[in-house]
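# Descriptive structure summary
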Amino acid sequence: KEYNLLKASLPYLDVLTVFTHGVYEAVTQAFPEAKDRTVVLMHGFHVYPSISKHEARKKLFTYLLEKANLSVAKRKELERIKDTLFCPKTILLGNFGFITYDRAPLAVYELRRYLQKRLPDYHLIALYIGQIQKRADRDISETLPLLQQLENTHDGQYNLFYELYLPDEIFPLAFRALDFVVIWYERATVSGRMAHALGTSACVVGRDIEGVGETLRLIGLPAAKDLEELAEKIETLVTEPSKRIQLEKAGLTFANRLSFAKQAQKHLELAKALWQGDVLPQLDLEIYLA
């Protein structure tokens, strides 16, 4: 379908923008005549004010305890593990956002199990917060079995799941509160969640797939083909915290380099070249060629 769509539309396009180098390679190999008109313009990144991981975690769990619509039982569970959440030997990993099969939220808990075996002296906690998105093109009932699996996984101690929509003022803090943000999508040309997380200095890890894997590898963050391999890479960052801090800084630097403000300027640069009939700029292709 995509090939036929491009074949039909390329003769009418002055420029085709793509998010990733992988898509650029696929398009230009299939349609070499369009190479001069194909431009890599990466997804913009959010950049947030600096906040420590401890303070972000405090704000997130204060919100969950005092403002979120949690059941009495889940609030009591949180109260019981509150001290553990701030223990130096606790590692918190997870993700947030809408619940869908292709975003594989259950992988967070599976990764926790692998990591706990590798790090027996640490207390590993997996956290997922989200809800099913109401969409006109998708019946909610299709995702209800996954929601039930998440609820069944919750044990209030090692595996935490809360069916909530995090408000805008909490959403970025939630990523910063994690020791590791886990992006393990079934398919992911780009990730809006990663665009939020990296802009908070969060340490993002994930599946080496499409644009997500590309981005992680560009920064030097852990990307893996399976969860066991990812657990092995995370273990190194837990036992060498200075390396994790270094990667968090690298992620924020990358987010600043590709902030929405800077990506908007590239749109203007591209529009100017088109308007004046100039050779199209390389834009973000330069990142891959460096």
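Here's a quick rundown of the structure. Computed from a predicted model, the values in this text were never measured in an experiment.

Once that is clear, we can look at the overall build of the chain. Within the chain, the secondary structure is distributed over 13 helices and eight strands. Relative to the 2.2 N^0.38 estimate, which gives 19 Å for 290 residues, the radius of gyration of the chain is 21 Å and therefore close to what a compact globule would have. Each principal axis of the C-alpha distribution contributes one length, and for the chain these read about 65 × 45 × 35 Å. Per-residue burial for the chain yields a buried fraction of 50% across its 290 residues. When contacts within the chain are restricted to residue pairs at least 6 apart in sequence, long-range pairs at least 24 apart make up 68% of them.

For the rest of this paragraph, the subject is the packing of aromatic side chains. Where two aromatic rings form a pair, the distance of their centres and the angle of their planes describe that pair. Counting across every chain of the model gives five aromatic pairs. For the pair Phe 45 and Phe 254, a centre-to-centre distance of 5.7 Å together with 90 degrees between the ring planes defines the contact as edge-to-face. Here Phe 254 lies in helix H11 (residues 241-257) and Phe 45 lies in the loop between strand S2 (38-40) and helix H3 (53-66), a separation of 209 residues in the sequence. As far as the burial class goes, Phe 45 and Phe 254 line up, both buried. Measuring from centroid to centroid gives 6.2 Å for Phe 98 and Tyr 165, while their planes differ by 40 degrees, and the two rings are tilted. Of this pair, Phe 98 sits in the loop between strand S3 (90-96) and helix H5 (107-118) while Tyr 165 sits in the loop between strand S5 (159-163) and helix H7 (171-177); the two residues are 67 residues apart in sequence, bridging distant segments of the chain. Classification of Phe 98 by relative accessible area gives partly exposed; the value is 24%. Members of the aromatic cluster, each reached through a chain of ring pairs, are Phe 96, Phe 171 and Phe 175. When the ring centre of Tyr 122 is taken as origin, the NZ or CZ atom of Lys 89, which lies over that ring, is 4.3 Å away.

With that out of the way, let us pick up the packing of H5 against helix H10 (residues 227-239). When two helices pack together, their arrangement is captured by the angle between the axes and the distance separating the axes. Look at H5 against H10: their axes get within 9 Å of each other, and the N-to-C directions meet at 55 degrees. Relative to H10, H5 is oriented oblique. For the pair H5 and H10, the crossing hand works out as right-handed. In this structure, H5 uses Ala 107, Glu 110, Leu 111, Tyr 114, Leu 115 and Arg 118 to contact H10, whose residues at the interface are Leu 227, Glu 228, Leu 230, Ala 231, Glu 232, Ile 234 and Glu 235. Its residues placed into classes, the contact of H5 with H10 shows eight nonpolar, no polar and five charged.

Bringing unusual backbone geometry into the picture now. One non-glycine residue with positive phi stands out, namely Ser 201, at about 75 degrees. Judged by relative accessible area, Ser 201 falls into the buried class, the value being 16%. Its identity is not glycine, yet Leu 283 carries a phi of approximately 50 degrees, on the positive side. Examined against the element boundaries, Leu 283 turns out to sit in the loop between helix H12 (260-276) and helix H13 (285-289). For Leu 283, a relative accessible area of 7% corresponds to the buried category.

Moving on to the pairing of strand S4 (residues 123-130). Counting buried residues in S4 gives seven out of eight residues, a clear majority hidden from the surface. Both S3 and S4 contribute to a ladder of seven bridges, which runs parallel. In the sheet register, Gly 94 faces S4, and the bridge partner there is Leu 127. Crossover handedness for the path S3 to H5 to S4: right-handed.

Let us now look at the sheet that holds strand S7 (residues 204-207). Pairing is parallel in the open sheet, where six strands are placed in the order S5-S4-S3-S6-S7-S8. A strand with exactly one partner marks an edge of an open sheet, and here the two such strands are S5 and strand S8 (223-224). Sitting on the sheet, helix H9 (residues 210-219) touches strand S6 (180-183), S7 and S8, and the angle it makes with S7 is about 135 degrees.

Among the residues making up helix H2 (residues 21-30), those that are buried are Tyr 24, Val 27 and Thr 28. One side of H2 carries all its buried residues, which in axial view fall inside an arc of 90 degrees. On its buried face, H2 sits against helix H1 (2-9), strand S1 (16-18), S2 and H13.

In terms of burial, S5 is a largely internal element, four of the five residues being buried. Summarising the sheet, S4 and S5 pair through five bridges and their orientation is parallel. Within S5, the position partnered with Ala 126 by the bridge is Asn 159. The handedness of the S4 to S5 crossover, carried by helix H6 (residues 144-153), is right-handed.

Criteria and thresholds
Residues numbered from 1 in each chain as written. Predicted model: local features only at pLDDT ≥ 70, side-chain atom pairs only at ≥ 80, totals over all residues. Heavy atoms only, no water. Helix = DSSP H or I, 4+ residues; strand = E, 2+ residues; numbered from the N terminus. Rg over C-alpha atoms; globule rule 2.2 N^0.38 Å. Buried < 20%, exposed > 50% of the residue type's maximum accessible area, 1.4 Å probe, protein only. Contact = heavy atoms within 4.5 Å. Phe/Tyr/Trp six-rings, centres within 6.5 Å; stacked < 30°, edge-to-face > 60°. Lys NZ or Arg CZ within 6 Å of the ring centre and 35° of its normal. Axes fitted to C-alpha atoms, helices over the stretch in contact; angles between N-to-C directions. Parallel < 35°, antiparallel > 145°, perpendicular 65-115°, else oblique. Left-handed = near helix turned anticlockwise from the far one by under 90°. Nonpolar A, V, L, I, M, F, W, Y, C, P; charged D, E, K, R; others polar. Pairing = 2+ DSSP bridges. Right-handed = clockwise from strand over helix to strand, strands pointing away. Arc of directions from axis to C-beta.

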